Amino acid sequence: TKKMSLIIQSSGVNTNYFKPAFCIKNKDPIVLFPSRVIREKGINELIRACNSLWLKNINFKLYIAGDIDPGNRSSLSKDDLNEQKNNNNINFLGHVTNIKHYYQKADIVILPSWREGLSRALIEAASMEKAIITTDVPGCRDVITHKKNGLLIARKDPEAIEKSILFLIKNNKLAKHFGKEARKTVIELF
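All figures in this text were calculated on a predicted structure; none of them were measured in a lab.

Student: Outline the packing of aromatic side chains, supporting the account with residue identities and numerical values.
Tutor: By the definition in use, this model includes 4 aromatic pairs. Ring centres of Trp-54 and Phe-60 lie 5.0 Å apart, and the angle between their planes is 25°; on these two criteria the pair is classed as stacked. With relative accessibility at 12%, the residue Trp-54 sits in the buried group. On the basis of relative accessible area, Phe-60 is assigned to the buried category, the value being 0%. Following the ring pairs from residue to residue traces out a cluster consisting of Tyr-17, Phe-18 and Tyr-103. Against the face of Tyr-17 rests Lys-100, its NZ or CZ located 4.2 Å from the ring centre. Lys-156 extends its terminal NZ or CZ atom over the ring of Trp-114, reaching a point 4.2 Å from the ring centre.

Student: Let's hear about the pattern of salt bridges: which residues, and what values?
Tutor: Inspection of every chain in the model, using the stated rule, returns 8 salt bridges. The shortest N-O distance in the salt bridge between Lys-180 and Glu-129 comes to 3.4 Å. Here Lys-180 is found in helix α6 (residues 172-189), whereas its partner Glu-129 is found in the loop between α4 (120-127) and β5 (131-135), with 51 residues between them in sequence. Glu-129 gets classed as partly exposed once you look at its relative accessible area, which sits at 25%. Across the pair Lys-184 and Glu-181 runs a salt bridge whose closest N-O atoms are separated by 3.1 Å. A residue pair is termed a helical-turn pair when its members lie 3 or 4 positions apart in one helix, as Lys-184 and Glu-181 do in helix α6 at 3 residues.

Student: Which residues make up α4, and what values do they have?
Tutor: Here α4 lies mainly inside the structure; 7 of its 8 residues are buried. Within α4, burial applies to Ala-121, Leu-122, Ile-123, Glu-124, Ala-125, Ala-126 and Ser-127. If you follow the buried residues of α4, they end up packed against α3 (99-105), β4 (108-111), β5 and α6. In the segment just after α4, Glu-129 is the residue with positive phi, at about 65°.

Conventions used here
Residues numbered from 1 in each chain as written. Predicted model: local features only at pLDDT ≥ 70, side-chain atom pairs only at ≥ 80, totals over all residues. Heavy atoms only, no water. Phe/Tyr/Trp six-rings, centres within 6.5 Å; stacked < 30°, edge-to-face > 60°. Buried < 20%, exposed > 50% of the residue type's maximum accessible area, 1.4 Å probe, protein only. Lys NZ or Arg CZ within 6 Å of the ring centre and 35° of its normal. Salt bridge = Lys/Arg side-chain N within 4 Å of Asp/Glu carboxyl O. Helix = DSSP H or I, 4+ residues; strand = E, 2+ residues; numbered from the N terminus. Contact = heavy atoms within 4.5 Å.

Here you go:
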């Protein structure tokens, strides 16, 4: 019957598997980018924003959990990546099979994508109560509501990425609140 029906907007995630876990506090906050390393996912803007923060002596680590996609003309090249590999603040993880482990470690999850289907990565991160920064585009704003359960930014905007990372690092209590609200959203909708 209609009264007993429920529409799930995506394939959903197992919220018993992707659940918050007690984590040891990181010496420096960890910002996790869980995506293929292609321009449309906002990787260039993210690295630009992070480099600006590091120049201002803001301490955090960027974990990139994704690989280049040689068949995609938008993919960063190995040379592009090699330029960044000397940066001790960036940890290139490549393709990750157990992303849950890195969600557990992360303080902030960021996906500054230019466009997106309904993002499974955002749903998983939200289910694990992570503070999320993503773009105000369909597929991302379906998971995150600005200043309710995360932060939405304009696409292709390194300055907005920079300000949002800094804001969540400096407002840890609010970041945790966003994470709790994000999980509620996932349980309700996904």
